[in-house]
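Examining the three-dimensional arrangement
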Amino acid sequence: MRIENIHIYGYGKWEDKQWDVSGEGIHVFLGRNESGKSTLMSFIQSILFGFPKKGGNQYIPYSGTAYGGKLSLVMNDGRKIAVERVKGRKAKGDVTVYEEDGRSAGEERLAELLKGVDLATFQGVFHFDLDGLSNIADMNPVELNQFLYDTGLGGGRSISGLENALQTEMEQLFRPRGKKTEMNALAFQLEKKEQDIHEWNKRLDQYDRLKERIRSKERQWQENRQQQRELTEKLKQTEKAAMLQPLAKEWEERRLLLQETARGDLNFPEEGVARLETLHEKLMEKQAAIRDEQHQQLLLEQELESITLHEQWPEIKKELSQKIQEYDFTRKDWEKLEEYKLDIERLDRQLDRLEKQWLLNRQHRFSDIPFSPYLKHTLLSFKTRLTSTDESIRRLSEEKNRLEMEVEYSAKELESEESKLLRVEEAAELQKAMDQFKEEEHFHFERKLLEEQLSDKQAQGRRLLAAEKRQQTAFLLLAVVVFFLAAASYFISEQTAAIFLLSVAMVLFATFYWKKRSASQLQADIKKEENRLLRKIEEWHNEHHRQADPGQIERWKNSLVADQKRKLRVDAVKYQLREKTARRNRAVKELQQLRADEQTCAVELHRWCGENNLPTDEALAYYEGLLTAAEEWQQLEKERHDLIRKSKNIEKSKEAYIAGLKELARRTNLPEDRPAAALIEKLKDFLAEQERLENEKQQLRQMRQHRRESQVKLSLVMEDLMQQQQVLFEKAGAADEESFRRKGTEYRRRQELSAEMQQLWIQMKLIFPVEKELRLVIERLLYDEYDPQLELERLKESLQLTMESGDELVNTLAELKEEAAALERDGTYENLLQDFSQMKEELQTLAKKWATLAVSRQIVGEIKHIYEQEKQPAVIREAGQLFKIMTGGEYVRLFAPLGEERFVLERADGVRFEPMHVSRGTCELLYLALRLSLATLFTMQANFPIFMDEVLVNIDKERREKVIAALRKLAETRQIIFFTCHPYIEKEVGGKVIIL
């Protein structure tokens, strides 16, 4: 399941807000505190599992907007589902599930999609927050072990917490050997009451002796309790000593070996031998490099002496290079000079052609016309106005003529229609005659309905008979085909099939005859219905027949209808005549206004031509062509002046350039009377040769200088290496290399022994944290004849005897006190009987309650046992792999000992720890690994996105990078939504970032 879109109608601070979280991978919601991250997470849980109950934080919207929202989901099979929950009659709200095909459903469909996952399971498996991590710091070692073990079971303390709660409540009621629980105490009291009833008379004379015995037994019981405490403490110390014994022996062996090898003072630098070998290799390399540098310097000096440059080379180098570089550009300019002259001649011809084409008389010239884009735009505006005015005049003239014709036609039509109207007297007489025959028309209508009904019955009968005939034909053909198939089967010795097919054929023949008889019966029924309808029509005709002429009635009716239509037509024609007359008058006024505008535009055009030295009284097309020609003339004239200017500049630069070439030829001892191209080639050869010699000489100088610097550096490095070697000898107190290496071997052995002793000492400190106590126990184990195993057995036996004696004392003391109390009370025999009955009823009630709790605990234990056998191994295996990745291989294994509710961590060097013995950061990594493993394996039931809220803030950067790498790998197969207020975590996590 993936979330594609989150739409909040109203929830807490959010109102009408949407977020797009489509696509797989990690989606990071970044926002400061109070930005709404917790509100958004609560909204997602509320949409899936219902709004929070009253009494909790329900996140009611601040304003009066709708309460709720919608989640758009993509299921594992690709189907798109939308889940909407809004405020309703129930506290959880009203939920609607919208399917991809348009269907909708309710809470039952949502529960089916969630596959039985409730809010507690969702929070325990798929929602990680900082609360689970922060609780680790407040736990003692036992609670930490149990918390991590419960996390591997179901993401939290739900199962073990329930089991412990049931066990605690059971123990509060009854313990097999207890005496302070309700049932134990009540049973004891019940027994005492019974004894009191039987011995009531015997104990009245024993009160003083009972008091003395009670004081004696109390002293004995106090002494027994003190003895039990002392034995228990000695037992714990002895068990620790038994665990310490093998470690202490191994530590002592290492200490003695170290003592033997450390008789003298040994100061040796760290990894001194390896450093000496490295220095030797470097010294040999540097000596060989110095010899090579000296030989290369001698060769470079000889090459420098063999190279000679021109005596004026430094003075003419720059000038010569510049002249050669300018030649290509200058040569191109010389080639353009001839092209410019041809272009100038061409432009002169074009200018003369334009003058002759447009200005035949010499009153106007193109040079007198002040052409500009504005001038052309003004002419275009005149053209647009005149064209638009002409078109409007033409259109309005046609409209006026058409309207005049329509007005004339409408007037004639009105006169014609009015002449056709009936007089008022004629119309009244016709209406009176029509009223007399309205009832007769009703009778005719009823008869028509009967006739139509008869026609429908006849048509229906024909259709039914045709369908029956088709079915008869089909059954007959099918029966014949099956009969022939039966005959064929009989001839090919398939008698069983033949009998079957023959039976089918007989059934089909019977069906055919039955259909035939049904058709005959149907035809008779249809004929009977037709006769009934014909008789009814005849009865109607005889009963309501009149002698009036139907044709005359129809003519009267038509006359009245036609007269009414003519009246409506006359009104319509009058209205059209008024409208058309008004439109014609408006067209005449508009036409007059347009003609006045046309005359005004012509006057403005004449004035504009005079102002701009243009011929007057010409057509607009002439002015358009003239201005286009003027624009072309202006461009050609401008191009001609530019070409003349460029030609003069090129001629001047050519003369100066040739003079400079000749001067350089003289200074370089080259002939001056050659053409420019030949001089350039000679100068190029001279320049190339001198530059080659100069570059070669410069490279040789640089190489020589580089060799000298390298030799100096190598010498300094050699001196430094020699000094480092001498420092090593001094630190080790060695006069030469041989004694140095001998001390290095001895030093390495000492270091190994010290490291082993330190590791053993840490393990022993875990058993006895107080160092003084630890040293005393070690001395006793190593130097005294002390066997902790024998002492352990002796102490256990003594403690068992002491406890049994204490139980007997407690029982005896309780009996004596009860006897004394019974004697002290002023109760009677009847009171004892009543107390006995009440205690018995209370004991039965408590026994029923204890039995109910015991059955519940047994069921929880069975569930837990099934989970530990079937699912926990996979969770631990997956968590171990994740934990190894998160710690960078520091811890290689995670396992739970059989029958014990705890985890054990194995480090890469084989040392094992319980979670209580590692750092808090490592415990947090283990918690994350267990939660991620549980969420990964839970995918088979419900592949929910994983929600993580600030779970990386207490982890160092190196381990945080490994955790993020594991999350990115997990994000390849499922969606992860991450909440944080830290920008650096957002940058490290990456993925799609949404700013709140």
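Our subject is the structure that appears above.
In short, a report on the structure. (Residues numbered from 1 in each chain as written. Predicted model: local features only at pLDDT ≥ 70, side-chain atom pairs only at ≥ 80, totals over all residues. Heavy atoms only, no water.)

1. Let's talk about the environment of Asn 76
- Inspection of the secondary structure assignment puts Asn 76 in the loop between β4 (68-74) and β5 (80-86).
- Taking the C-alpha atoms as reference points, Asn 76 and Arg 2, 74 residues apart in sequence, are found 7.9 Å from one another.
- Beyond its immediate sequence surroundings of up to four residues, Asn 76 is in contact with Met 1 and Asn 943.
- Among the polar contacts listed, one links the side chain of Asn 76 to the backbone nitrogen of Met 1, at a separation of 2.6 Å. (Helix = DSSP H or I, 4+ residues; strand = E, 2+ residues; numbered from the N terminus. Contact = heavy atoms within 4.5 Å. Polar contact = N/O pair within 3.5 Å; in protein donor to acceptor, adjacent residues only side chain to side chain.)

2. Digging into the packing of aromatic side chains
- Under the definition given, this model contains 14 aromatic pairs.
- Aromatic pair Phe 29 and Phe 979: ring centres 5.4 Å apart, planes at 20°, arrangement stacked. With Phe 29 in strand β3 (residues 25-30) and Phe 979 in strand β13 (residues 975-980), this residue pair connects regions lying 950 residues apart in the sequence. Pair check on accessibility: Phe 29 and Phe 979 agree, each one buried.
- An aromatic cluster is built from Tyr 11, Phe 43, Phe 51, Tyr 59 and Tyr 67, whose rings are joined through pairwise contacts.
- The cationic tip of Lys 13 hangs over the ring face of Trp 14; the distance from NZ or CZ to the ring centre is 5.2 Å. (Phe/Tyr/Trp six-rings, centres within 6.5 Å; stacked < 30°, edge-to-face > 60°. Buried < 20%, exposed > 50% of the residue type's maximum accessible area, 1.4 Å probe, protein only. Lys NZ or Arg CZ within 6 Å of the ring centre and 35° of its normal.)

3. A short note on a positive patch on the surface
- On the surface, a cluster of positive charge is contributed by Lys 53, Arg 89, Lys 90 and Lys 92.
- Position of Lys 90 among the secondary structure elements: in the loop between β5 and β6 (94-98). (Patch = residues over 30% accessible without salt bridge, like charges linked within 9 Å, V, L, I, M, F, W, Y side chains within 5 Å. Areas by Shrake-Rupley, 256 points an atom, 1.4 Å probe, with all protein chains shown as cover. Salt bridge = Lys/Arg side-chain N within 4 Å of Asp/Glu carboxyl O. Lys, Arg positive; Asp, Glu negative; His and termini not counted. Charge placed at Lys NZ, Arg CZ, Asp CG, Glu CD.)

4. Section: unusual backbone geometry
- Positive phi outside glycine occurs at Asp 16, with the angle close to 50°.
- With respect to the secondary-structure elements, Asp 16 resides in strand β2 (residues 14-20).
- Owing to a relative accessible area of 58%, Asp 16 belongs among the exposed residues under this scheme.
- Even without glycine at this site, Glu 34 takes up a positive phi of about 70°.
- Summarising the element assignment, Glu 34 is placed in the loop between β3 and α1 (37-49).

5. Overview of the pattern of salt bridges
- Applying the stated criterion across every chain, the model contains 37 salt bridges.
- As a salt-bridge pair, Glu 604 and Arg 385 come within 2.9 Å of each other at their nearest N and O atoms. Here Arg 385 lies in helix α11 (residues 373-419) and Glu 604 lies in helix α15 (residues 550-611), a separation of 219 residues in the sequence.
- Here Glu 404 and Lys 400 are joined by a salt bridge, their closest N and O atoms 3.5 Å apart. One end of the pair, Glu 404, and the other, Lys 400, are both in helix α11, four residues apart, so they sit about a helical turn from each other.
- Taking the relative accessible area as the measure of exposure, Glu 404 reaches 34% and is therefore partly exposed.
- When its relative accessible area of 18% is taken as the criterion, Lys 400 is described as buried.
- By sharing partners, the salt bridges in this structure join Asp 77, Arg 79, Glu 99, Arg 109 and Glu 112 into a single network.

6. Some points on the side chain of Glu 293
- Examined against the element boundaries, Glu 293 turns out to sit in helix α9 (residues 272-305).
- Given a relative accessible area of 10%, Glu 293 falls into the buried group.
- Among the polar contacts made by the side chain of Glu 293, one reaches the side chain of Arg 707 at a distance of 3.1 Å.
- Not counting residues within four places of it along the chain, the set of residues in contact with Glu 293 comprises Arg 707, Ser 710, Gln 711 and Leu 714.

Note that every value here comes from positions in space, so none of it alone points to a role or purpose.
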